[in-house]
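Close look at the chain arrangement
One-letter residues, chain by chain:
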Amino acid sequence: MAAHSVVRSLTDEYLTCRICLQAFDRPRRVSCQHSFCTDCIRQLVTKSTASRGPDKLLCPLCRSEVLIPADVSLDDFVCNLPIDSLIVDLQTTLSRHNRNPEISRTANVNSNDSCKAHPGRQLGHYCFHHAQLICAKCIDDFHHEPHCRCRSLIEARRELQPRVDRVLQRLHSELNEAELEAANDRSFGNSKQKTLYDITNLEQRLEKIFESCRRQISVLRSDVERLNREYILNRKDFFTVVHSLLESTSHLESLKQGNDNKHLIELLPSVEGQLNNSIQCLRDLKTNDKAASLAFTLYDEVSEFIRRFSALGFIELQGVPSDLSADLSHLQLITVNSDAPPLSLSHILNRRN
């Protein structure tokens, strides 16, 4: 029946834990808004903290990192997570309808059930006034008044058959209406899948862009080192002249302060010659007065993108009456200025950097 598919779709889509693939058992919600069974979260915390450290839990659906306070035990962390009351309410509703006590009670009634007022007597009659199954003795004891119209079960069934048909017709009609309304749920599910696909596609594109940027940044750093070596190579003669000047200065000052007059007098012409050569070399090396420098030029389109970037985008729930979206305050958008894209602060702050 179509209605069964609606319930099954609801159960599969919203009431099934994505870790154990079973019906939710004490569902709890983590900060990324995904919900899992309490025991599933406990196992997930144990595995995640063993591989990623004691302070982080990785959501298996969106890969968001959920921080675990350092001063809280892992078991307390799990128990302190909020129960997903929406899922619990849906489970309770479906369970109540699946096991409606009134339907179960009447479905088990048959002609072999004995009368409570007269044990051992079969309930073979029906009182239309009291809408009650009765035995033959009940007619004499309790249902003999003129307004009590009592018939055998076969006669009552024949008389009530048009009413049963009308109720069934109304039930089928309502179920058909429900099936048409369920098309909206399927449409929402399709839009959810497309939205997740678009987000994943964006993530993959950004990862490719980021990886390309990483490679280019690595090349840029290599260019800095290459140009630095080229600069040093071009300045090698200059460094050699400076080193020669320093050696001559140190040697001459040492002789000047000593008593070796002969060695000082003999060395002086040689130092003067080296000095003249160094001066000429320095003049030859000095091509202009502008100091050499490195500079990084960022392309204008990249600079403009970085300047304008503040958020990737936002998710909005469309087609929901305002009274139903009153609890969705975390989706309200905040605009910094007319040129900037709208921001959803809770979404941005909960995303990975």
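Residues numbered from 1 in each chain as written. Predicted model: local features only at pLDDT ≥ 70, side-chain atom pairs only at ≥ 80, totals over all residues. Heavy atoms only, no water.

Quick word on the overall build of the protein
Check the secondary structure of the protein and you find eleven helices and seven strands. For the protein, buried positions account for 16% of its 353 residues. Pairs at least 24 residues apart make up 44% of the contacts formed inside the protein by residues separated by at least 6 positions. Summed over its atoms, the accessible surface of the protein is roughly 27,200 Å², and 54% of this surface lies on carbon and sulfur atoms. (Helix = DSSP H or I, 4+ residues; strand = E, 2+ residues; numbered from the N terminus. Buried < 20%, exposed > 50% of the residue type's maximum accessible area, 1.4 Å probe, protein only. Contact = heavy atoms within 4.5 Å. Areas by Shrake-Rupley, 256 points an atom, 1.4 Å probe, with all protein chains shown as cover.)

Some points on the nonpolar core
C17, V30, F36, I41, V45, L57 and F77 are the most contacted members of the largest nonpolar core, which totals 20 residues. Mapped by element, the contributors of at least two residues to this core are α2 (38-52), α3 (74-80) and α4 (85-98). The biggest single contributor to this core is α2, with four residues. Dropping the residues within four chain positions of it, V30 is found in contact with F36, I41, L57, V66 and L81. The next biggest cluster of nonpolar side chains, apart from the first, holds eight residues, and it includes C115, L123, C135 and C148. (Core = buried A, V, L, I, M, F, W, Y, C linked by side-chain atoms within 4.5 Å.)

As for helix α9 (residues 261-285)
If you check α9, its first and last C-alpha atoms are 35 Å apart, about what 25 residues at 1.5 Å a residue would give, namely 36 Å. Along α9, the sharpest change in direction is near 35° and occurs at L267; proline P269 comes one to four residues later. (Expected span 1.5 Å × (residues − 1). Bend = angle between axes of the 7 residues up to and from the residue.)

Quick word on the packing of aromatic side chains
Within the structure shown, the criterion is met by three aromatic pairs. Taking the centre distance of 5.7 Å and the plane angle of 35° together, the rings of F305 and F309 count as tilted. Accessibility expressed as a relative area gives 54% for F305, which makes it exposed. Its end group placed over the ring of F128, R149 keeps NZ or CZ at 4.1 Å from the ring centre. (Phe/Tyr/Trp six-rings, centres within 6.5 Å; stacked < 30°, edge-to-face > 60°. Lys NZ or Arg CZ within 6 Å of the ring centre and 35° of its normal.)

Re unusual backbone geometry
A positive phi is found at L21, a non-glycine position, where the angle reads about 60°. Mapped onto the elements, L21 comes out in the loop between α1 (2-14) and β1 (28-29). Even without being glycine, A131 reaches a positive phi, approximately 50°. Tracing the backbone shows A131 in the loop between β5 (125-127) and β6 (132-134). Among the residues examined, A131 registers a relative accessible area of 53% and is labelled exposed.

Here we look at the pattern of salt bridges
Throughout the structure, instances matching the rule amount to eleven salt bridges. R26 serves as the salt-bridge partner of D25, at 3.7 Å between the closest nitrogen and oxygen. On the basis of relative accessible area, R26 is assigned to the partly exposed category, the value being 42%. For R215, the salt bridge is made with E211, and the minimal N-O distance between the two is 4.0 Å. (Salt bridge = Lys/Arg side-chain N within 4 Å of Asp/Glu carboxyl O.)

Focus: the side chain of R28
Relative to the helices and strands, R28 is located in strand β1. For R28, which is buried and forms no salt bridge, the nearest opposite charge comes from D39, at a distance of 8.2 Å. Polar side-chain contacts of R28 include one of 3.1 Å to the backbone oxygen of C79. Other than its neighbours up to four places away in sequence, R28 contacts H34, S35, F36, T38, I41, V78, C79, L81, P82, I83 and D84. (Lys, Arg positive; Asp, Glu negative; His and termini not counted. Polar contact = N/O pair within 3.5 Å; in protein donor to acceptor, adjacent residues only side chain to side chain.)

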